[in-house]
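Residue-level listing of the chains:
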Amino acid sequence: MNRRILTAIGGLLLLGSAVAVAVRGAGPLPPLGPLLDPAHGVWATARAALPLGERTIRSRIFEGEVQAVVDGRGVPHIYADDELDAYRALGYLVARDRLFQLELQTRAAAGTLTELVGARALPLDRESRRFGFSRLVERRLAAVDSQSGAFRAMTAYAEGVNAWIGSMRPGDVPLEYRLLGKQPARWDARNTYLLLARMALMLAYNDPSIVKARAAARVGWQAAEALFPVEAPIQEPIQPNPGDTTRVRFGPIPPPGPPDSAAGALLAGFDALPRWLAGTRASADDAIGSNNWAVAPFRSASGRTLLAGDPHLELSLPSIWYQAHLVVPGQLDVAGVTLPGAPWVIIGFNRDIAWSFTNTGADVSDFYRETVDDAGVPTTYQLDGTWHPLELRVETYRSPSGAVLAIDTVRFTHRGPLWQVDGGWLSMAWTVYRSEMSGAEFQAIERVRSVPEFLAATAGFAVPAQNMLVADRHGSIAIRSTGTFPIRPYSGRGDVIRDGSQSAADWTANLPLAEYPFAQDPPQGFLASANQQPVDPAANSRYFGAHWYSPWRAIRINDLLRAEPAVTADVMRRWQVDPGSARADAFMPHLLGAGLSAARLAGAPDKARDARALLAAWDRRYTLTSTGAVLFEAVMAELARRTWDELAGPDSAVRLPNEAPPRPADALLFGLLGQPQNSWWDDRRTEATIETRDDIVEMALAAGLDSVIARHGPPGESWQWNKVHSANVHHLLRIPALSALGLSVSGGPSTLSPTSGRGTFGASWRMVVELGAEVRAWGIYPGGQSGNPVSRHYRDQLPAWLTGQLDSLVVPASVDEFPAGTPSRLTFTGASR
């Protein structure tokens, strides 16, 4: 046993009791005797981390023989004659590597975390059950065609997971279960549906109505409409504009008006709503978004089609993704990343196409004020003058021992779940409640051979709405914002809370496929998306959403693509961690005094002049050793805080606990810089003075400099970006010893590798694919294939991820192409063989 494993075991032994306390919270510790058992306790964790070697695995679930090779990165390459057998083998191997993750993430969706980790998870479980995920899955299972390809794939995958669980020796049980004193639960297709529902919440919930209502409660509806607009003021759309140009539309921003009392009354009880619903995003630019782009052959150095994708999600150990390569002759030869718990490659490539996704940011949910029979304990709601019964579900939450922790009654209208606020009740309509989420489109994608086939295979994709980018080896590229987009009555907008007492307020239909934002093989020779508004409203005025992310990343990607006539795969790899910032490029001239007279600049306060001198020396790049980036972000924070002081409201203003006031996107702030006398610049807290833009900019420069010096000392090495800014990749149970914390990363807000400074989100999977006669691909994610903390594959990809490197993704067409000495070669076969 090597020294690294012995050291890891020693650390786990020292942490055993402390970790158990941290995870369990209240209640007795699990017995430490089994944990320290030399045969089956924590020592066995190291044995379970060793490669499987060469072995035959017999199980009656397999119809034929399957060969699986696990390469030096821990990635399985599965070769089967039967597609369902391939999914069975995948389920078996994912369970071996990620069993605790499989159970934890589906319990999070089902709202049964308390049964595993105790009462501390009760708030999370209540949130999940109030969203009605289990109800959604129950309805889906009642209607599913059990002979459909997608359901049979889920069932085969579940059989593989359970085959591993059934074959585990005591020493194979993951460490987390031992710390919790629990045993793994068996798996079924219901868990895959729960996983898909939870991912839909993560990716498809983006309702602007509550953010706008919170703003209106402070400054009135007219001002809120201008500050949180339907149309982004800077247009760099996914569907390219004619002439490939950025369009800027800034009109006068109306002054703040009196608070809207109706909005204030409606929001009075929003502290009772979960963060997902309560409009907690302070600014559209706080999002940690995703990127993808593709290049046509005439713009690439090799004359081949190129595609890059890097979805940004919450980072964890183990990763949200699991790499795999599946081969079924004549049917499948697909590689990329799967979601642990689902049998399909979600983002990846085959020999003919490559694809990646970003969130559309579309508004696919709405809230309705409901009229109920009893404000405290309603049983009916009014619709078109008639009282209708609410659907009531009694939800019981249990501890790991089975004791009842709490009981709730969750209510549903025909639209969706009902949420209580002090002033009444809101129901929520959401496309997720109306879709099948069968997974059939993912299964179809794996085998398509061209861009047109991909577009046809995904035409029925419902949720979560995604910007689907695809490229093929024939030279075609395309992007489509694909999903269910509801058509609303009245104005057609979804950024307002509607009266639920009338069925006329309900959605009338779904947007037809022909009206989706779409582009294929544009003259510019490239396509890109970065969560920006998908189509310029001048080309398509249909409502897709509001309060869009500022398109800084999209501008940067397109600028890089426009400037490079011969793109290579390695150039695309470097762009994924490009430290340049279109946001900094936009704001810096104003901060440095563009348009100000020499006299005004000379008369600025000393600290403002000092800040300008320091910023002038900055190259506007978020590199590890950058010092200007730290000052720039401090100044930007001060500029936004002082400009939008009216949105903070009085001390008595409605505000969620620990929540910042709603803040417009940085694109609005940039536009306001062109209106130096606009009344928003005036700081209403200084009644004797009326501030202008130039006053506020100077104050922000001085205050930003003061704040950085107070936190980090005088200008110097202590200001370096990597000493101030970090990434944190937490273990699923937030156990520090099993996490990777305080990691130095380049990139910052609105760069192509965006990070918020809190460091819990980032590029969850970076991939570049070159499509030609032979496919070439590279990829990385921040972690490793194994969920076993002492495995060499627990975090072996993290060092390369931190430096922006990608691993070569080798995809042999047959098992015979692997070199001798590959760590693991497995044969799965039926029990009778």
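Whatever comes next refers back to the structure up there.
No experiment lies behind these values; they were computed from the predicted model shown.

Participant: Before we go on, may I ask you to explain unusual backbone geometry in this structure?
Facilitator: Here the amide bond leading from L317 into P318 is cis, since omega sits at -5 degrees, within 30 degrees of zero. Of note, the bond from V463 into P464 is cis; its omega dihedral lies within 30 degrees of zero at -10 degrees. Note that P464 resides in the loop between helix 15 (451–457) and strand 21 (466–472). At D384, a position not held by glycine, the phi torsion is positive, near 55 degrees. Tracing the chain through its elements places D384 in the loop between strand 15 (380–383) and strand 16 (386–389). Notably, N531 is not glycine yet its phi reads approximately 70 degrees, a positive angle. Following the sequence through the fold, N531 ends up in the loop between strand 27 (526–529) and helix 16 (552–563).

Participant: Even after reading the chapter, I still don't get the environment of V463, so can you show me in this structure?
Facilitator: Within the secondary structure layout, V463 lies in the loop between helix 15 and strand 21. Separated by 264 residues in the primary sequence, V463 and M199 place their C-alpha atoms 9.4 Å from one another. Excluding its chain neighbours within four sequence positions, the residues that come into contact with V463 are T431, V432, S435 and M437.

Participant: What's the story with the packing of helix 4 (residues 83–110) against helix 8 (residues 149–167) in this structure? I'm lost.
Facilitator: Any two packed helices are characterised by how steeply their axes cross, that is the angle between the axes, and by the distance between the axes. With their axes 7 Å apart at the nearest point, helix 4 and helix 8 run at an angle of 55 degrees to one another. Relative to helix 8, the element helix 4 is oriented oblique. Where helix 4 crosses over helix 8, the handedness of that crossing is right-handed. Between helix 4 and helix 8, the residues in contact are L84, Y87, R88, L90, G91, Y92, V94, A95, R96, L99 and L102 and R152, A153, A156, Y157, E159, G160, V161, A163, W164, I165 and S167, respectively. Taken together, the residues of the contact of helix 4 with helix 8 sort by class into 15 nonpolar, three polar and four charged.

Participant: Whenever I open this one, the environment of G483 confuses me. Can you help?
Facilitator: As for its position among the elements, G483 is in the loop between strand 22 (477–482) and strand 23 (486–487). If we skip the residues at most four places from it in the chain, G483 touches F461, A462, A465 and Y516.

Participant: Hey, could you run me through the sheet that holds strand 27 in this one?
Facilitator: Taken together, the six strands give an open sheet; going across it, the order is 27-6-7-31-32-33, and neighbouring strands pair in antiparallel fashion. Bordering the open sheet on either side are strand 27 and strand 33 (807–808), each of which pairs with just one other strand. When strand 7 (residues 305–310) meets strand 31 (residues 766–771), the two strands line up antiparallel, connected through five bridges. Following the sheet pairing, L306 is matched in strand 31 by E770.

Participant: Hey, could you run me through the nonpolar core in this one?
Facilitator: One broad rule of soluble globular proteins: the nonpolar side chains tend to lie buried together. If you look at the biggest cluster of nonpolar residues, it comprises 176 residues, and the most contacted ones within it are W321, F349, W430, F454 and F828. Beyond its immediate stretch of four places on either side in the chain, F349 contacts D333, V334, A335, A354, W355, M767, V769, V775, A777, L809 and V811. Counting residues in each nonpolar core, the second largest holds 53 residues, with I234, A263, L701 and V708 among its members.

Participant: Looking at this structure, how should I read helix 18 (residues 582–591)?
Facilitator: Since the α-helix advances by 3.6 residues per turn, residues separated by three or four positions end up pointing in the same direction. By the criterion of burial, helix 18 is predominantly enclosed, with seven of the ten residues buried. All of the buried residues along helix 18 are A582, R583, A584, A586, F587, M588 and L591. On its buried face, helix 18 sits against helix 16, helix 20 (606–616), helix 21 (628–643), helix 23 (666–672) and helix 24 (693–712). A distance of 3.3 Å separates the backbone nitrogen of R583 from a side-chain oxygen at the start of helix 18, and that oxygen is part of S581. Remark: G593 follows helix 18 within two positions and exhibits a positive phi of approximately 105 degrees.

Participant: How should I be thinking about the side chain of R107 in this particular structure?
Facilitator: On the secondary structure map, R107 appears in helix 4. Under the relative-accessibility criterion, R107 is labelled buried at 16%. At 2.8 Å, the side chain of R107 forms a polar contact with the side chain of E103. Residues within four places of R107 in sequence aside, it is in contact with T112, L113, E115, L116, D125 and A185.

Participant: Even after reading the chapter, I still don't get the sheet that holds strand 20 (residues 424–430), so can you show me in this structure?
Facilitator: Strand order in the open sheet formed by four strands is 19-20-14-24, with mixed pairing between adjacent strands. The open sheet terminates on both sides in strands that have one partner only, identified here as strand 19 (418–421) and strand 24 (498–499).

Participant: Quick question: what am I supposed to make of the pairing of strand 34 (residues 824–829) here?
Facilitator: Side-chain positions along a regular strand alternate between the two faces of the sheet. Of all six residues in strand 34, five are buried; the element is thus mostly enclosed. Taken together, the five bridges between strand 1 (residues 54–58) and strand 34 define a ladder with parallel strand orientation. The residue of strand 34 that forms the bridge with R55 is L826.

Participant: Please explain the side chain of D97 as it appears in this structure.
Facilitator: By secondary structure assignment, the location of D97 is in helix 4. Once residues lying within four places of it in the same chain are set aside, the contact partners of D97 are G74, Y322, Q785, S786, G787 and N788.

Participant: I tried to follow helix 21 on my own but got confused; where do I start?
Facilitator: Helix length check: helix 21, at 16 residues, gives a terminal C-alpha distance of 22 Å against a target of 22 Å (1.5 Å per residue), a fit within 8%. Buried residues dominate helix 21, accounting for 14 of its 16 residues.

Participant: Just checking my understanding: could you explain a nonpolar patch on the surface for this structure?
Facilitator: Side chains of V394, V404 and I407 sit close together on the surface and give an oily, nonpolar patch of about 280 Å² of accessible area. By the element assignment, V394 lies in strand 17 (residues 391–398). Judged by relative accessible area, which is 59%, V394 ranks as exposed.

What counts, and at which threshold
Residues numbered from 1 in each chain as written. Predicted model: local features only at pLDDT ≥ 70, side-chain atom pairs only at ≥ 80, totals over all residues. Heavy atoms only, no water. Helix = DSSP H or I, 4+ residues; strand = E, 2+ residues; numbered from the N terminus. Contact = heavy atoms within 4.5 Å. Axes fitted to C-alpha atoms, helices over the stretch in contact; angles between N-to-C directions. Parallel < 35°, antiparallel > 145°, perpendicular 65-115°, else oblique. Left-handed = near helix turned anticlockwise from the far one by under 90°. Nonpolar A, V, L, I, M, F, W, Y, C, P; charged D, E, K, R; others polar. Pairing = 2+ DSSP bridges. Core = buried A, V, L, I, M, F, W, Y, C linked by side-chain atoms within 4.5 Å. Buried < 20%, exposed > 50% of the residue type's maximum accessible area, 1.4 Å probe, protein only. Polar contact = N/O pair within 3.5 Å; in protein donor to acceptor, adjacent residues only side chain to side chain. Expected span 1.5 Å × (residues − 1). Patch = residues over 30% accessible without salt bridge, like charges linked within 9 Å, V, L, I, M, F, W, Y side chains within 5 Å. Areas by Shrake-Rupley, 256 points an atom, 1.4 Å probe, with all protein chains shown as cover. Salt bridge = Lys/Arg side-chain N within 4 Å of Asp/Glu carboxyl O.

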